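# An overview of the molecular structure
The chain contents come next:
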Amino acid sequence: LEAVAVPDDAEDFDCAWGTDERLALLEKLNRCDRDRLPKLDRIVIPLDWDRDETDYSPLPKKLAWAEKLDSVLLVHAPMQAFAAYEHGELVYWGPISSGGRNSPTPLGAYFLNWKSKGRHSTVNRNWFLRWYFNFENSSGRSFHEYALPGLPESHGCVRLLARDAKWMYDWGRSWELDKTGRNLE
């Protein structure tokens, strides 16, 4: 990886990096969304654009302790990244924006509880959160699509790029309720 200066003009930025696939990788490497990339002073770019996307993950490609588990999702707040594993093998990763200083994302082990294709935030009803996947039911904290500014700035949730939130929504397994709708099966 290499850090380079960002072109001053947005059109020059698009021309410099070319394809949607390259811009998507730049979002991941720089932990911010497409709208914010041109506003950075410098960005990290790969020296080799042709590698598998998992090769660029800041999190390990294998987790020996997770080999016997169907799936594990890790969130690393200091790196502002998440990684998804199946039987200990990295299958997907992406950038996040975790909770800011005044409302940090709680540390700990959680399960993906329930999901919704979209819902309004409990913090501000004007915020619509697409690809919502709850991980702390009592507080309403979740993974969801929202702006990625390149730093911890959420209100305790874990913000994801749109394509990553959709991927997680499809990949993750939510809880199953019994016929009464009140108890976990």
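Up top is the structure these notes are about.
What you see is a predicted model, and the numbers here were worked out from it, not measured in a lab.

Here we take up the pairing of strand 3 (residues 72–76). Across a regular strand the side chains alternate sides, sitting on one face of the sheet and then on the other. When strand 3 meets strand 4 (residues 81–86), the two strands line up antiparallel, connected through 5 bridges. Note that in strand 4 the partner of His76 across the bridge is Ala81. The antiparallel hairpin formed by strand 3 and strand 4 contains 4 residues in its connecting segment, where Gln80 sits at a positive phi of about 50°.

If a probe as big as a water molecule is rolled over the atoms, it shows which places are left empty. Computed from the structure, the largest pocket encloses a volume of approximately 920 Å³. For the largest pocket, the lining is made up of 31 residues, of which Leu73, Ala109, Tyr110, Phe111 and Leu112 are closest to its centre. By residue number, the principal contributor to the lining of the largest pocket is strand 3, which donates 5 residues. Classifying every residue of the lining of the largest pocket by side-chain character gives 20 nonpolar, 8 polar and 3 charged. If you add up the space inside the second largest pocket, you get close to 230 Å³. Taken together, 18 residues line the second largest pocket, and the ones lying closest to its centre are Ser121, Val123, His144, His155 and Cys157. Contributions of two or more residues to the lining of the second largest pocket are made by strand 6 (115–120), strand 7 (128–136) and strand 8 (141–145). Within the lining of the second largest pocket, the residues separate by chemical class into 6 nonpolar, 9 polar and 3 charged.

Following the criterion strictly, the structure yields 8 aromatic pairs and no others. A ring pair is formed by Phe135 and Phe143, whose centres lie 5.2 Å apart and whose planes are at 55°; its orientation type is tilted. For the pair shown, Phe135 and Phe143 are each scored as buried. Feature note: the residues Phe82, Tyr92, Trp167 and Trp171 constitute an aromatic cluster, connected by ring pairs. Across the ring face of Tyr132, the terminal group of Arg119 is positioned such that the distance to the ring centre comes to 5.1 Å.

We now examine the pattern of salt bridges. Under the defined criterion, the tally for this structure stands at 11 salt bridges. Ionic pairing is found between Arg163 and Glu27, a salt bridge with its closest N-O pair at 2.6 Å. Of this pair, Arg163 sits in helix 3 (residues 162–171) while Glu27 sits in helix 2 (residues 20–30), and the two are 136 residues apart along the sequence. Look at Glu27 and you get buried, because its relative accessible area is 8%. One network of salt bridges, in which partners are shared, links Lys28, Glu53 and Asp164.

About the thresholds
- Residues numbered from 1 in each chain as written.
- Predicted model: local features only at pLDDT ≥ 70, side-chain atom pairs only at ≥ 80, totals over all residues.
- Heavy atoms only, no water.
- Pairing = 2+ DSSP bridges.
- Helix = DSSP H or I, 4+ residues; strand = E, 2+ residues; numbered from the N terminus.
- 1 Å grid on protein atoms, 1.4 Å probe; cavity = no way out; pocket = protein on both sides within 12 Å on 5 of 7 lines; lining within 4 Å.
- Points joined across faces, edges and corners; volume = space filled by probe spheres on them.
- Nonpolar A, V, L, I, M, F, W, Y, C, P; charged D, E, K, R; others polar.
- Phe/Tyr/Trp six-rings, centres within 6.5 Å; stacked < 30°, edge-to-face > 60°.
- Buried < 20%, exposed > 50% of the residue type's maximum accessible area, 1.4 Å probe, protein only.
- Lys NZ or Arg CZ within 6 Å of the ring centre and 35° of its normal.
- Salt bridge = Lys/Arg side-chain N within 4 Å of Asp/Glu carboxyl O.

By themselves these figures say nothing about function.
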